[in-house]
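# Understanding the architecture of this molecule
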Amino acid sequence: MEITELRAYTLEPPLDGDLGDARASIATRYWVVVELDTDAGLTGTGWLGTWRVPDLYERYAREFADPLVGADPLAVEARRRELRERALYYPGEVGFSALPRSAIDVALWDLKAKVAGRPLYALLGGDGSPVPAYCSRLDAAVPTDELGAHHAPHAGAGFGAFKTKVGGRSLAEDVRRVGVVREAVGPDADLFVDANQSWTANEAVRGARSLAEHDVGWVEEPVSEWDLDGHARVAGAIDPPLATGESFYRVERFEWLLSRGGVEVAQPDLLRCGGVSGLREVADLAAAHRVPFVPHVHYAVSAHLVNAAPTGAFVEYIPEYDASAVLDDAPDVRDGAVVLPDGAGHGYRIRESAREEFGVSFD
């Protein structure tokens, strides 16, 4: 079997208002789709989400077409090496090129599972049981007195785990906001906080200790991704586990921090860390260090990996990032868990009418 064509195009479904965290605010969300056709009549699908420059991501995905056309899509590792080598000098393997390369990797694994006639989770060794999800809201811009109403409907929909944003304001106000969310979701729910790297190590220690009264389940990205020593220092000084990894573009960053106690919940991003191939490596590292594996967003595909991972715990469900509007057979999130599709591949394709409804042209 050979790849005959790579297609890349961009969709812009509407967002319901501005979204954000302690460091950024967005009003537009794009999906850049990659589709790999084969001479066997099968198509593999991957996609990436971005706030900015979708035209550059789309163009760069097409730049990878040359080594793919005519190649065997089942030799995923060989294709991965070729694409990394192609990105080495321009624009660099770590950074911009990672997202389109990862989207291609997802499409390759989609094809690999389709050829095997199995769901992706089964190909990876999973059993297909529902995958617990935590409801993660981009709620930094939501006024404190509205936070309860922002989270409560999801508690009523069966979610038992939630995440809220902290950082970028006074610690006293953060404590008050987390208290409002705790009251809305109830005393028995898991409640996580995410600072999006907005604290110093000392601020992170003070913040985690001040939030202890609300029974925080983990503190996510408390310090800069580059403060490697600070990760271990904070992790050793606070009671909740330190969760991080969504900004890591190489598996080696996890290896270094896990070996030093600086990551207690591993959170690789599907599209920054190498697609399905990269997340499998992080899942193995997390299992070796006995820490939970909880990928960042992209729940539709990441749920397959969590199901198969020895320490798979949750997927992150962000309602504002849901790609269901552009997909056939939208992901089934039921009673706070992702019900995995039972068809071959990862189970999702872009519906034909989505390009007409949401397509963006850069000509």
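On to the overall build of the protein, then. Scanning the protein from N- to C-terminus turns up 13 helices and 17 strands. Radius of gyration (C-alpha) of the protein: 20 Å, near the 21 Å computed for a compact globule of 363 residues. Dimensions of the protein, computed from the C-alpha atoms along their principal axes, are close to 60 × 40 × 40 Å. Looking at the 363 residues of the protein, the share that counts as buried comes to 56%. In the protein, 35 side chains carry a positive charge and 58 a negative one; their mean positions are 4 Å apart.

One pass over the full model with this rule turns up twelve aromatic pairs. Both rings, one in Tyr134 and one in Phe192, keep their centres 5.4 Å apart while their planes meet at 85 degrees; by these two values the pair is edge-to-face. Taken together, the residues span a long stretch of sequence, with Tyr134 in strand β6 (residues 131–136) and Phe192 in strand β8 (residues 190–194) at a distance of 58 residues. The same class applies to Tyr134 as to Phe192, namely buried. On the basis of an interplanar angle of 75 degrees and a centroid distance of 6.5 Å, the ring pair of Trp218 and Phe314 is categorised as edge-to-face.

Taken together, the side chains of Leu88, Tyr89 and Tyr90 present a nonpolar region at the surface, about 440 Å² in accessible area. Of note, Tyr89 is situated in helix α3 (residues 76–92).

With that settled, consider the sheet that holds strand β17 (residues 359–360). Taken in spatial order, the four strands line up as β5-β4-β1-β17 in an open sheet, and their pairing is antiparallel. A strand with exactly one partner marks an edge of an open sheet, and here the two such strands are β5 (43–50) and β17. Each of β1 (3–11), β4 (30–38) and β5 is contacted by helix α1 (residues 54–63), which is oriented at about 180 degrees to β1, the strand it contacts most.

With that settled, consider the environment of Arg253. Tracing the sequence through the fold places Arg253 in helix α10 (residues 251–259). Looking at Arg253, the relative accessible area reads 17%, which means it is buried. Apart from the residues within four sequence positions on either side, Arg253 is in contact with Glu225, Trp226, Leu228 and Phe248. In terms of polar contacts, Arg253 uses its side chain to reach the backbone carbonyl oxygen of Glu225, at 3.1 Å.

What follows is about the packing of helix α9 (residues 228–237) against α10. Direction vectors running N to C along α9 and α10 enclose 40 degrees, while the axes themselves pass 10 Å from each other. Classified by the interaxial angle, the pair formed by α9 and α10 is oblique. Crossing angle aside, the handedness with which α9 passes α10 is right-handed. Residues Leu228, Asp229 and His231 of α9 form the contact with α10, whose participating residues are Arg253, Trp256 and Leu257. Split by residue class, the contact of α9 with α10 holds three nonpolar, one polar and two charged.

This model, assessed by the stated rule, comprises 23 salt bridges. Between Glu82 and Arg79 there is a salt bridge whose closest N-O contact spans 2.7 Å. On the criterion of helical spacing, the pair formed by Glu82 and Arg79 is a turn pair, its members being three residues apart in helix α3. Overall, the relative accessible area of 8% leaves Arg79 in the buried class. Between Glu281 and Arg80 there is a salt bridge, with the nearest N and O atoms lying 2.6 Å from each other. With Glu281 in helix α11 (residues 275–288) and Arg80 in helix α3, this residue pair connects regions lying 201 residues apart in the sequence. Using a relative accessible area of 9% as the deciding quantity, one classes Arg80 as buried. One connected set of salt bridges, linked through shared partners, spans Lys163, Lys165, Asp194, Glu220 and Glu316.

Helix α12 (residues 299–308) sits mainly inside the fold: nine of its ten residues count as buried. Those residues of α12 that fall on the buried side of the exposure criterion are Tyr299, Ala300, Val301, Ser302, Ala303, His304, Leu305, Val306 and Asn307.

Let us look at helix α7 (residues 171–185). In a regular helix each residue adds 1.5 Å, so 15 residues correspond to 21 Å; α7 covers 21 Å between its end C-alpha atoms and thus fits that length. Along α7, the residues that are buried comprise Asp174, Val175, Arg177, Val178, Gly179, Val181, Arg182 and Val185. Here the buried face of α7 lies against α6 (147–156), β7 (161–165), β8 and α8 (201–210). Downstream of α7 by a residue or two, Gly186 has a phi angle that is positive, lying close to 95 degrees.

By size, the foremost hydrophobic cluster in this structure holds 100 residues, and its most contacted members are Leu11, Leu36, Ile104, Val276 and Phe293. For this core, the leading source of residues is helix α4 (residues 98–116), giving ten residues. Beyond its immediate chain neighbours, meaning those up to four positions away, Leu36 contacts Ile3, Glu5, Leu6, Leu42, Thr43, Gly44, Leu68, Ile104, Ala107, Leu108 and Leu111. Counting residues in hydrophobic clusters, the runner-up holds eight residues, among them Ala161, Ala243, Val294 and Phe314.

Cut-off values and rules
Residues numbered from 1 in each chain as written. Predicted model: local features only at pLDDT ≥ 70, side-chain atom pairs only at ≥ 80, totals over all residues. Heavy atoms only, no water. Helix = DSSP H or I, 4+ residues; strand = E, 2+ residues; numbered from the N terminus. Rg over C-alpha atoms; globule rule 2.2 N^0.38 Å. Buried < 20%, exposed > 50% of the residue type's maximum accessible area, 1.4 Å probe, protein only. Lys, Arg positive; Asp, Glu negative; His and termini not counted. Charge placed at Lys NZ, Arg CZ, Asp CG, Glu CD. Phe/Tyr/Trp six-rings, centres within 6.5 Å; stacked < 30°, edge-to-face > 60°. Patch = residues over 30% accessible without salt bridge, like charges linked within 9 Å, V, L, I, M, F, W, Y side chains within 5 Å. Areas by Shrake-Rupley, 256 points an atom, 1.4 Å probe, with all protein chains shown as cover. Salt bridge = Lys/Arg side-chain N within 4 Å of Asp/Glu carboxyl O. Pairing = 2+ DSSP bridges. Contact = heavy atoms within 4.5 Å. Axes fitted to C-alpha atoms, helices over the stretch in contact; angles between N-to-C directions. Polar contact = N/O pair within 3.5 Å; in protein donor to acceptor, adjacent residues only side chain to side chain. Parallel < 35°, antiparallel > 145°, perpendicular 65-115°, else oblique. Left-handed = near helix turned anticlockwise from the far one by under 90°. Nonpolar A, V, L, I, M, F, W, Y, C, P; charged D, E, K, R; others polar. Expected span 1.5 Å × (residues − 1). Core = buried A, V, L, I, M, F, W, Y, C linked by side-chain atoms within 4.5 Å.

Nothing here speaks to function; it is geometry throughout.
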